[in-house]
Amino acid sequence: MGPEQKSICPATIEMLKKAGTDGIQTAFERSGDLRPCPIGSQGTCCKICAMGPCRITAKKKDEQEEPLGVCGANTSTIAARNFLRMIASGAASHSDHGRVVAEVFNEVAQGHGNGYEIKDEKKLYQVAMDFGLDIENKSAAELAKEVGKLALQEFGKQDGQLTFIQRAPEKRQALWKDFGVIPRGVDREIVESLHRTHMGVDQDYKNIIKHGTRTSLADGWGGSMIATELQDIMFGTPYPILSKVNLGVIKSNMVNVIVHGHEPVLSEMIVQACQDPEIKALAEEKGADGINVAGICCTANEILMRHGIPLAGNFLQQELAIITGAVDAMVVDVQCIMQSLSSVAACYHTKLITTSPRAKIAGAQHMEFIEHEPLESAKAILKEAIENFPNRKVKPHIPKDEVDLVAGFSHETVNYLLGGLFRASYKPLNDNIINGRIRGVAGVVGCNNPRVVHDNAHVTLVKELIANDVLVLQTGCSAMATAKAGLLVPEAAAKFAGPGLAEVCETVGIPPVIHMGSCVDNSRILMAATALVKEGGLGEDISDLPVAGAAPEWMSEKAVAIGHYFVSSGVYTVFGVSWPTLGSEELTNYLFDSIGKDLGGKWAYEPDPEKMAQMMINHIDEKRKALGIDKARERVLYDMDMRRELETQ
Ligand code: SF4
Ligand code: MSK
């Protein structure tokens with residue numbers, strides 16, 4: 001298969017060709033060489049004890065007995081245990097990120113910010129009220145101390161319930177309470193997940209998934225939400241901002257520093273340190289026209305949202321950025337970082353710098369990011385990059401592709417944009433959903449996966465949704481894919497959206513696809529859904545809303561945790577690529593169907609993005625019907641010709 005068949009992104013195709021010429025292997029080739037294990041990919045390989053690994057498949061027609069592991073575990077138990085472990089790992093990743101942010105927040109609150117500060121006092125007061133604090137006659141500094149302490153305690157709580165659970169619609173909270181899935185403390189639920197999935201503990205697949213629900217809620221309404229809120233308070237709540245995306249943002253005449261990973265505590269300081277006169281002078285001395293910071297993965301989204309720093313690319317472009325030969329340093333922290341970066345960097349002059357004690361890579365240079373000396377750490381890293389600028393081995397080859405985008409849509413700014421500063425509200429959105437101009441809202445998120453054509457499912461799905469008047473909210477690598485396709489600018493409304501959505505977007509001046517941030521910022525989508533419920537007219541619970549979610553190119557365990565907290569919050573959620581429980585019909589049927597009776601939301605799997613869009617639109621239409629607002633609009637089914645016509649208008 002040639003590069004053209006592996007991606008729809010022109011810069012990616014160009015760099016894959018260069019990789020071939022330079023003799024560099026990438027994830028795209030390795031995924032072709034490695035066939036996924038058919039049993040493992042369907043969730044029925046168990047290796048949690050040394051009597052196994054037990055690789056079992058569903059009972060075939062001619063088999064008398066159900067295949068079992070040595071201990072007697074059946075496919076449903078094994079697949080459910082594996083599924084819960086994915087949720088636990090994803091929740092742990094987001095929540096450990098949240099914990100780091102809370103620790104830094106506490107340093108700031110104690111007056112040891114050393115460069116970090118409280119930027120959004122309004123949000124600080126809001127969060128303080130959520131924590132039940134009396135805000136009267138207290139300064140921001142006093143409140144920050146109390147909020148920081150309470151936020152950190154959320155991780156280690158042993159009983160009661162996580163504070164942000166009370167932000168959910170009342171009916172949703174009551175459902176969680178009745179079903180017994182309200183999370184107590186973040187760490188407690190994750191630890192219990194590992195206990196329950198140890199050999200010989202929880203062996204009832206529904207009970208295992210029930211704990212998955214509680215653990216995922218501890219992520220979405222716990223660890224992730226804490227990360228988003230405290231980051232907003234310290235680094236500023238995002239507001240709409242213009243930037244650019246794709247490998248063309250790398251500049252041949254500048255020192256290129258690519259930040260990659262997830263935690264903005266580092267990247268925020270790198271952005272700040274770039275303004276330091278000493279650093280600027282050093283770059284000039286080395287013959288560069290300045291320092292160019294760009295991002296990969298969710299670190300990119302964090303600094304895009306708050307500073308408009310350009311996006312070099314999404315998950316599958318990390319190796320390709322180095323292959324341009326123009327990256328002087330790639331600075332990584334945690335999550336979604338390929339080990340291959342080390343060997344790819346060794347073929348060029350790029351310094352791969354790891355910064356987190358949690359994530360070292362053999363062959364990389366480790367420069368630990370010291371959280372109480374953040375600016376000094378960031379400057380030291382930048383100096384390494386600048387000193388490396390004269391060491392470029394080859395003439396850079398940088399694709400020209402860079403596309404405009406507008407990002408920075410927090411839940412709060414959506415509120416202001418729709419309702420205006422003095423009457424901030426979701427009412428205009430609710431009204432437009434009720435009158436049918438907007439058919440519904442979809443959250444499309446998640447990763448890239450070389451098992452499918454890079455970016456294709458994201459772009460096809462989102463184009464189909466907006467053409468059918470579905471407003472799309474995005475985060476993560478998915479937002480970068482559609483940004484590269486030109487969907488994240490207001491002009492995209494006239495070009496790609498159906499007439500109703502286009503009219504609303506043009507009136508408000510927003511794109512039809514709204515970039516809400518990084519993976520932890522999926523918590524913003526939970527808040528947006530909650531705001532739709534609280535505004536009124538669209539039911540009493542998130543599960544009543546005409547909304548759906550999708551991760552069409554997912555790959556990480558974090559995506560499963562996110563998907564499950566959306567299902568657990570009442571959202572119909574569709575995944576592409578592959579589905580990790582297909583080895584158990586019983587469990588898959590539960591997740592795709594009857595879990596809806598327990599939680600209001602349910603899972604679905606569909607690798608074809610056009611079919612996925614239809615499933616989501618059908619679900620949205622069913623919800624409209626149940627709300628009695630289906631008469632407001634006639635359904636338009638777009639065929640290929642109509643879509644082409646819409647795109648060329
Ligand atoms: Fe096999 Fe049971 Fe051990 Fe899993 S727990 S590896 S199914 S014996
Ligand atoms: S970075 S989790 S590849 S979205 Fe959040 Fe992208 Fe998926 Fe990582």
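Residues numbered from 1 in each chain as written. Chains lettered and ligands numbered in written order. Predicted model: local features only at pLDDT ≥ 70, side-chain atom pairs only at ≥ 80, totals over all residues. Heavy atoms only, no water.

**Notes on the overall build of the protein**
- What the protein contains, in helices and strands, is 27 helices and 16 strands.
- Relative to a compact globule of 649 residues, whose C-alpha radius of gyration would be 26 Å, the protein shows 24 Å and is just as compact.
- Overall, the protein is about 70 × 65 × 55 Å in size when its C-alpha atoms are taken along their principal axes.
- Long-range contacts, defined as pairs at least 24 residues apart, comprise 75% of the intrachain contacts of the protein with a sequence gap of at least 6. (Helix = DSSP H or I, 4+ residues; strand = E, 2+ residues; numbered from the N terminus. Rg over C-alpha atoms; globule rule 2.2 N^0.38 Å. Contact = heavy atoms within 4.5 Å.)

**What to know about the nonpolar core**
- Judged by nonpolar contacts, the single largest core of 167 residues is most densely connected at W221, I291 and L465.
- With 15 residues, helix α5 (residues 75-109) is the single largest residue contributor to this core.
- Apart from residues lying up to four places away in sequence, W221 is in contact with F164, I165, R167, A168, W176, L526, M527, T530, I542 and S569. (Core = buried A, V, L, I, M, F, W, Y, C linked by side-chain atoms within 4.5 Å. Buried < 20%, exposed > 50% of the residue type's maximum accessible area, 1.4 Å probe, protein only.)

**A look at the site of ligand 1**
- In the vicinity of ligand 1, the contacting residues are C46, I48, C49, M51, G52, C54, G69, V70, C71, I78, R81 and M199.
- Looking at the shell around ligand 1 residue by residue, the class counts come to nine nonpolar, two polar and one charged.
- Built from parts of two domains, the shell around ligand 1 gets at least three residues from each of domain 1 (3-55) and domain 2 (75-235). (Near = heavy atom within 4 Å. Nonpolar A, V, L, I, M, F, W, Y, C, P; charged D, E, K, R; others polar. Domains from an automatic or database assignment.)

**What to know about the pattern of salt bridges**
- What the rule picks out here adds up to 37 salt bridges.
- A salt bridge links E29 to K6; the nearest nitrogen and oxygen atoms lie 3.4 Å apart. Separated by 23 residues along the polypeptide, E29 in helix α3 (residues 27-33) and K6 in helix α1 (residues 3-6) bring together distant segments of the chain.
- A salt bridge links E540 to K171, with the nearest nitrogen and oxygen atoms 3.8 Å apart. Residue E540 is located in the loop between α23 (522-535) and β14 (547-551), and its partner K171 is located in helix α8 (residues 170-179); the two are separated by 369 residues in the primary sequence.
- Taking relative accessible area as the criterion, K171 reaches 42% and is therefore assigned partly exposed. (Salt bridge = Lys/Arg side-chain N within 4 Å of Asp/Glu carboxyl O.)

**Re empty space enclosed by the protein**
- Taken as a whole and assessed by the stated rule, the structure comprises seven cavities of 30 Å³ or more.
- Considered as a void within the structure, the largest cavity measures approximately 190 Å³ in volume.
- Taken together, 20 residues form the lining of the largest cavity, with G443, I525, A548, G549 and F566 sitting closest to its centre.
- Looking at the lining of the largest cavity, the elements with two or more residues in it are β11 (440-444), α23, β14, α24 (557-568) and β15 (572-575). (1 Å grid on protein atoms, 1.4 Å probe; cavity = no way out; pocket = protein on both sides within 12 Å on 5 of 7 lines; lining within 4 Å. Points joined across faces, edges and corners; volume = space filled by probe spheres on them.)

**Notes on the domain arrangement of the protein**
- By domain assignment, the protein separates into domain 1 (3-55), domain 2 (75-235), domain 3 (247-391) and domain 4 (410-627).
- Relative to domain 4, the C-alpha centre of domain 2 lies at a distance of 23 Å.
- With 40 residues of domain 2 in contact, the opposing surface of domain 4 contributes 42 residues.
- It is F83, M86 and R172 that lose the most area in domain 2 upon contact with domain 4, and together they represent 18% of the buried surface on that side.
- On inspection of domain 2 and its partner domain 4, the count reaches four salt bridges.
- Across the pair D541 and R172 runs a salt bridge, and its minimum N-O distance is 2.8 Å.
- Remark: the boundary between domain 2 and domain 4 carries 16 residue pairs in polar contact (both at pLDDT 80 or more). (Buried area = accessible area lost by both parts, 1.4 Å probe. Polar contact = N/O pair within 3.5 Å; in protein donor to acceptor, adjacent residues only side chain to side chain.)

**Notes on the site of ligand 2**
- H262, C297, C298, F315, C336, G446, C447, C477, C519, M555, S556 and K558 make up every residue found near ligand 2.
- Residues that form the shell around ligand 2 fall into these classes: eight nonpolar, three polar and one charged.
- Mapping the shell around ligand 2 onto the domain boundaries places at least three of its residues in each of domain 3 (247-391) and domain 4 (410-627).

**Focus: the environment of S31**
- Tracing the chain through its elements places S31 in helix α3.
- On the basis of relative accessibility, which here comes to 12%, the residue S31 falls in the buried class.
- Sequence spacing of S31 and P450 is 419 residues, and the spatial spacing of their C-alpha atoms is 6.2 Å.
- Non-local contacts of S31, meaning those with residues more than four positions away in its chain, are made with P450 and R451.

**Some points on the sheet that holds β14**
- Sheet architecture is open: six strands sit in the order β13-β12-β11-β14-β15-β16, paired in parallel fashion. Strands at the two margins of the open sheet, each flanked by one partner only, are β13 (513-515) and β16 (603-605). The average angle at which neighbouring strand axes cross in this sheet is 25 degrees, direction not considered.
- In this sheet, β13 lies alongside strand β12 (residues 470-474) in parallel orientation, the contact comprising three bridges. Looking at β13, one finds that L473 is bridged to I514.
- In this fold helix α20 (residues 476-484) packs onto β11, β12 and β13, with an angle of close to 120 degrees to the strand it touches most, β12. (Pairing = 2+ DSSP bridges. Axes fitted to C-alpha atoms, helices over the stretch in contact; angles between N-to-C directions.)

**Focus: the environment of K484**
- Within the element layout of this structure, K484 appears in helix α20.
- For K484, a relative accessible area of 11% corresponds to the buried category.
- In the structure, K484 is positioned 287 residues away from T197 in sequence and 41 Å away in space, judged by C-alpha atoms.
- Each residue touching K484, except ones within four places of it in the same chain, is listed here: C9, V245, N246, N314, Q317, V403, H454 and D455.
- A distance of 3.3 Å separates the side chain of K484 from the side chain of N314, its partner in a polar contact.

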